[in-house]
Amino acid sequence: MNASALGTPASPTGDTTAIRVQHDETDPLVVISEVNKHYGDLHVLNNINTTVGRGEVVVVLGPSGSGKSTLCRAINRLETIDSGTITIDGTPLPEEGKQLARLRADVGMVFQSFNLFAHKTILENVTLGPIKVSGMTKKDAEEHAMALLERVGIANQAKKLPSQLSGGQQQRAAIARSLAMRPKLILLDEPTSALDPEMINEVLDTMIGLANDGMTMVAVTHEMGFARRAADRILFMADGQIVEEATPEQFFTDPKTSRAQDFLSKIIGH
Ligand SMILES: Nc1ncnc2c1ncn2[C@@H]1O[C@H](COP(=O)(O)OP(=O)(O)O)[C@@H](O)[C@H]1O
Ligand SMILES: [Mg+2]
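About the thresholds
Residues numbered from 1 in each chain as written. Chains lettered and ligands numbered in written order. Predicted model: local features only at pLDDT ≥ 70, side-chain atom pairs only at ≥ 80, totals over all residues. Helix = DSSP H or I, 4+ residues; strand = E, 2+ residues; numbered from the N terminus. Contact = placed C-beta atoms within 7 Å. Buried ≥ 20, exposed ≤ 12 C-beta atoms within 10 Å, placed from the backbone. Pairing = 2+ DSSP bridges. Axes fitted to C-alpha atoms, helices over the stretch in contact; angles between N-to-C directions. Parallel < 35°, antiparallel > 145°, perpendicular 65-115°, else oblique. Left-handed = near helix turned anticlockwise from the far one by under 90°. Nonpolar A, V, L, I, M, F, W, Y, C, P; charged D, E, K, R; others polar. Near = placed C-beta within 6 Å.

**Q** Help me out: how do you make sense of the overall build of the protein in this one?
**A** A tally of helices and strands in the protein yields nine helices and 10 strands. Principal axes of the C-alpha set define a box for the protein whose edges measure 55 × 45 × 35 Å. Sequence-distant contacts in the protein: of pairs separated by 6 or more residues, those separated by 24 or more amount to 67%.

Here is the structure:
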């Protein structure tokens, strides 16, 4: 209900009470307009229209192959689009060059497979971008990195290599690394899907902490407890389209489309 809930994260899969302050719907950060993309004959993004407000948490759900990852990658310009526009904070996605590097800094991305540099320490993984891309001094970058590692709960792992950490710790390091660039938005594509079950909650709790701090987030996840509790809005995708867009309450209690009903019955059936 209020910020005091921040310090006492209940199990993200248990308590379904909405704990976030509402975002400002009049302040769009990402505007996606009439976006289309094909892979050969496959219409992987089919006329996508949506807006992500500053501070909003959007959870993208949908069956495998529905285009969720492609949408995330398009927002970060890891994939091109055939038509339509995507703007971040009022600026259309740049084609290439310096502006694209800046956009990448504005949009953090966390993948299922951590993608940490294996031969660098956790601290080096987190300081690399700020030093190389943002021109921070090593000392400033390390101070900032240590504060972020503290925030995600792994400051005591800073000197280790990724392989010396658990999967959950590695994913929290990857989150710290994306935060180090001071992004305006973080995209998380199935951030807990590669984790052993006992490590899922520590990553979800980290994500809930970010949400409570007002970070704008777009998260693809199959963790329905997290979606219910942390999302301001659910985007349900099927066959390259957004077929349903609703609050978690609406989506989980009264899905409107047969595609969403079918999806939920399969998930809840497990
Ligand atoms: N680089 C690619 N080339 C061709 N087809 C692709 C490529 N990437 C993804 N696809 C196809 O696009 C569809 C959507 O993929 P994706 O966005 O990864 O879906 P999701 O994340 O919802 O599972 C899938 O059918 C997938 O096989
Ligand atoms: Mg995917």
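Once you've had a look at it, read on.
**Q** Would you take a moment to explain the pairing of strand β3 (residues 57–61) for this structure?
**A** The two faces of a sheet get side chains in turn, since along a regular strand they alternate between them. Across the five residues that make up β3, a large majority, five, are buried. Alternating residues of β3 divide into Val57, Val59 and Leu61 and Val58 and Val60, and every residue in both groups is buried. Bridge count between β3 and strand β8 (residues 216–220): four bridges; the pairing is parallel. Bridge pairing in β8 links Val58 to Val218.

**Q** Hey, could you run me through the sheet that holds strand β4 (residues 83–88) in this one?
**A** Two pairing modes exist for strands in a sheet, parallel and antiparallel, and in both the strands are linked by backbone hydrogen bonds. Here we have four strands laid out as an open sheet, ordered β2-β1-β4-β5, and antiparallel in their pairing. Of all strands in the sheet, those with a lone pairing partner are β2 (42–53) and β5 (91–92), marking the two edges. One ladder, built from eight bridges, connects strand β1 (residues 28–39) with β2; its direction is antiparallel. The residue bridging Val35 from the neighbouring strand is Ile48, located in β2.

**Q** Quick question: what am I supposed to make of the packing of helix α3 (residues 122–132) against helix α4 (residues 138–151) here?
**A** For any two helices packed against each other, the geometry is given by the interaxial angle and the distance between the axes. For the pair α3 and α4, interaxial distance at closest approach is 9 Å and the crossing angle is 125 degrees. In terms of orientation, α3 lies oblique with respect to α4. Taken as a pair, α3 and α4 cross one another with a handedness that is right-handed. Note on element contacts: α4 touches α3 through Lys138, Ala141, Glu142, His144, Ala145, Leu148 and Leu149, opposite Ile122, Leu123, Val126, Thr127, Pro130 and Ile131. Split by residue class, the contact of α3 with α4 holds nine nonpolar, two polar and two charged.

**Q** Is there a simple way to explain the site of ligand 1 in this structure?
**A** Residues in contact with ligand 1, as listed here, are Tyr39, Leu42, Val44, Gly62, Ser64, Gly65, Ser66, Gly67, Lys68, Ser69 and Thr70. Only β2 and α1 (68–75) provide two or more residues apiece to the shell around ligand 1. Take the shell around ligand 1: its biggest share by element is three residues, from α1. For the shell around ligand 1, a count of residues per class yields three nonpolar, seven polar and one charged.

**Q** What should I look at first to understand the environment of Ala230 in this one?
**A** Tracing the sequence through the fold places Ala230 in helix α7 (residues 224–230). Distance in space between the C-alpha atoms of Ala230 and Asn212 is 8.6 Å, their sequence separation being 18 residues.

**Q** Could you clarify how one ought to interpret the sheet that holds β8 in this entry?
**A** Spatial strand order, β6-β7-β8-β3-β9-β10: six strands in an open sheet with mixed pairing. Each edge of the open sheet carries a strand with a single partner, namely β6 (107–110) and β10 (241–246). Sheet twist, expressed as the average angle between the axes of neighbouring strands with direction ignored, equals 20 degrees. Sheet analysis places strand β7 (residues 185–189) next to β8, joined by five bridges and oriented parallel. The residue bridging Leu185 from the neighbouring strand is Thr216, located in β8.

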